[in-house]
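Structural overview
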Amino acid sequence: MSQFTVSGRFKNRDGYSPFETTVDAPNEDVAEERVLSEFGSRHGVKRTEIELSEVTGQ
C-alpha cells in the first residue's frame, strides 16, 4: 500500500480548522474515503462539513 497525504479543512464551532494527515491506502479515492470516515467519527462532523483540498502520494 502507498501512503497519501491529505489536506483540507473541517467545520467546528469556531469556524473551520485546517488539517493535514497521512493515511495508508491503495489509491487516492480510498485515501479520501478513509480521511472522511476518520474525521467524521473523531470530530463528529458530517462529510459535507469536510473540505479536502489536496491528496498527494508518497
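The paragraphs below set out a description of the structure included in this document. (Residues numbered from 1 in each chain as written. Predicted model: local features only at pLDDT ≥ 70, side-chain atom pairs only at ≥ 80, totals over all residues. Heavy atoms only, no water.)

**What to know about the overall build of the protein**
Of the regular secondary structure elements, the protein holds one helix and three strands. Whereas a compact globule of 58 residues would reach a radius of gyration of roughly 10 Å, the protein reaches 11 Å, a difference of no more than 12%. Burial analysis of the protein (58 residues in total) assigns 33% to the buried set. By sequence separation, contacts in the protein at least 24 residues apart represent 44% of the contacts at least 6 residues apart. In the structure as shown, the protein presents an accessible area of about 4,000 Å², 41% of it carried by carbon and sulfur atoms. Between the centroid of the 7 positive side chains of the protein and the centroid of its 11 negative side chains there is a distance of 9 Å. (Helix = DSSP H or I, 4+ residues; strand = E, 2+ residues; numbered from the N terminus. Rg over C-alpha atoms; globule rule 2.2 N^0.38 Å. Buried < 20%, exposed > 50% of the residue type's maximum accessible area, 1.4 Å probe, protein only. Contact = heavy atoms within 4.5 Å. Areas by Shrake-Rupley, 256 points an atom, 1.4 Å probe, with all protein chains shown as cover. Lys, Arg positive; Asp, Glu negative; His and termini not counted. Charge placed at Lys NZ, Arg CZ, Asp CG, Glu CD.)

**Here we look at the nonpolar core**
Judged by nonpolar contacts, the single largest core of 13 residues is most densely connected at Val-6, Phe-10, Phe-19, Ala-31, Val-35, Phe-39 and Ile-50. Broken down by secondary-structure element, the contributors of at least two residues to this core are strand 1 (2–12), strand 2 (15–25), helix 1 (28–43) and strand 3 (50–57). Per-element accounting of this core gives the leading share, four residues, to helix 1. (Core = buried A, V, L, I, M, F, W, Y, C linked by side-chain atoms within 4.5 Å.)

**With respect to the sheet that holds strand 2**
Strand pairs in the sheet, formed through backbone hydrogen bonds, run parallel or antiparallel to each other. Spatially, the three strands line up as an open sheet ordered 2-1-3, and their pairing is antiparallel. The sheet terminates laterally at strand 2 and strand 3, the two strands that pair on one side only. Averaged over all pairs of adjacent strands, the angle between their axes in this sheet comes to 20°, without regard to strand direction. Relative to strand 2, helix 1 is tilted by about 130°, and along the sheet it contacts strand 1, strand 2 and strand 3. (Pairing = 2+ DSSP bridges. Axes fitted to C-alpha atoms, helices over the stretch in contact; angles between N-to-C directions.)

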